[in-house]
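# Fold and geometry: a report
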Amino acid sequence: MSETVMSLEETARFLDRDFPQMNAGGRHYHLESVGPLSARMRLDYHERHLRPGGTVSGPSMMALADYALYAAILANIGPVALAVTTSLNVNFLRRPGPAALIAECRLLKLGRRLAVGEVAIRSAGSEAIVCHATGTYSIPPEWGDASAPATRPEP
């Protein structure tokens, strides 16, 4: 696959429109890029995402991983709001520094019914991975029917 079905701007608009709760109380999640089977998302460093001790909380990192996976899938299959997470496995590897977090997502499989991907999360400016996640999404059967975009990837 050489390009995405949805551009960066189209994917970001869809996420903002259909999931406004992700930025409730201020814009914290920023989709930075989408590509063939990939996405990059940033979570701003903000006190609302901190846990006692001043580190970014596990739930904030899990949300970032899940949201980045969803963005990568949407960019590659089109606006399918009912694609849902069926599993998310998260490994917290080290304490993130006091900086924004960057999630680099790579889809390992993008089929008609399932998408599987992995996410590496780093503190901005650091090469060390602070969190690694793998996830599976269920794609609704309607995506594989004749009403789906003609440019969808083949499994």
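Identification of the protein as PaaI family thioesterase from Methylorubrum zatmanii is taken from an unreviewed UniProt entry.

## Details of the overall build of the protein
Tallying secondary structure elements over the protein gives two helices and six strands in all. Secondary structure of the protein in N-to-C order comes out as α-β-β-α-β-β-β-β. Classification of the 155 residues of the protein by burial places 44% in the buried group. The contacts in the protein between residues at least 6 apart in sequence include a share of 64% that link residues at least 24 apart. Put simply, the protein shows about 7,700 Å² of open surface, and 54% of that area lies on carbon and sulfur atoms.

## Focus on the pattern of salt bridges
In total, this model carries six salt bridges according to the counting rule given. Across the salt bridge formed by Arg42 and Glu32, the nearest N and O atoms sit 2.8 Å from each other. Within this pair, whereas Arg42 is found in strand 2 (residues 38-43), its partner Glu32 is found in strand 1 (residues 29-35), the two being separated by 10 residues in sequence. We classify Glu32 as partly exposed; its relative accessible area is 31%. Two residues, Glu118 and Arg106, come together in a salt bridge whose shortest N-O distance is 2.4 Å. Remark: Arg106 occurs in strand 4 (residues 101-110) and Glu118 occurs in strand 5 (residues 114-123); sequence separation between them is 12 residues. The class of Arg106 is partly exposed, set by a relative accessible area of 46%. Overlapping salt bridges bring together Glu32, Arg40, Arg42, Asp44 and Glu104 as one network.

## Some points on the UniProt feature "transmembrane region" (unreviewed entry) in the protein
Annotation from UniProt places "transmembrane region" (unreviewed entry) at residues 67-88. Its end C-alpha atoms 11 Å apart, residues 67-88 is made of 50% helix and 23% strand.

## Let's talk about the nonpolar core
Note on soluble globular proteins: their nonpolar side chains tend to be buried together. In terms of nonpolar packing, the biggest core is built from 40 residues, with Leu15, Leu31, Met41, Leu64, Leu101, Val119 and Ile121 touching the most fellow members. For this core, the leading source of residues is helix 2 (residues 58-77), giving 13 residues. Apart from the residues within four sequence positions on either side, Leu15 is in contact with Pro20, Leu31, Met41, Tyr67, Tyr70, Ala71 and Leu74.

## Overview of the environment of Ser138
Mapping Ser138 onto the fold places it in strand 6 (residues 129-138). Between the C-alpha atoms of Ser138 and Val84, which are 54 residues apart in sequence, the distance is 5.4 Å. Ser138 has contacts with Leu82, Ala83, Val84, Thr86, Arg113 and Leu114, leaving out every residue within four places of it along the chain.

## Observations concerning the side chain of Thr4
As for its placement among the helices and strands, Thr4 is situated in the segment before helix 1 (8-18). What makes Thr4 buried here is its relative accessible area of 19%. Contact partners of Thr4, with chain neighbours within four places excluded, come to Val34, Gly35, Pro36, Ala75 and Asn76.

## Topic: helix 1
Turning to helix 1, its buried residues are Thr11, Ala12, Phe14 and Leu15. Seen from one end, helix 1 has its buried residues packed into an arc of 160°, which puts them on one side. Among the exposed residues of helix 1, those oriented more than 90 degrees off its buried face are Arg13 and Arg17.

About the criteria used
- Residues numbered from 1 in each chain as written.
- Predicted model: local features only at pLDDT ≥ 70, side-chain atom pairs only at ≥ 80, totals over all residues.
- Heavy atoms only, no water.
- Helix = DSSP H or I, 4+ residues; strand = E, 2+ residues; numbered from the N terminus.
- Buried < 20%, exposed > 50% of the residue type's maximum accessible area, 1.4 Å probe, protein only.
- Contact = heavy atoms within 4.5 Å.
- Areas by Shrake-Rupley, 256 points an atom, 1.4 Å probe, with all protein chains shown as cover.
- Salt bridge = Lys/Arg side-chain N within 4 Å of Asp/Glu carboxyl O.
- UniProt positions renumbered as here; feature names shortened; annotations may be inferred.
- Core = buried A, V, L, I, M, F, W, Y, C linked by side-chain atoms within 4.5 Å.
- Arc of directions from axis to C-beta.

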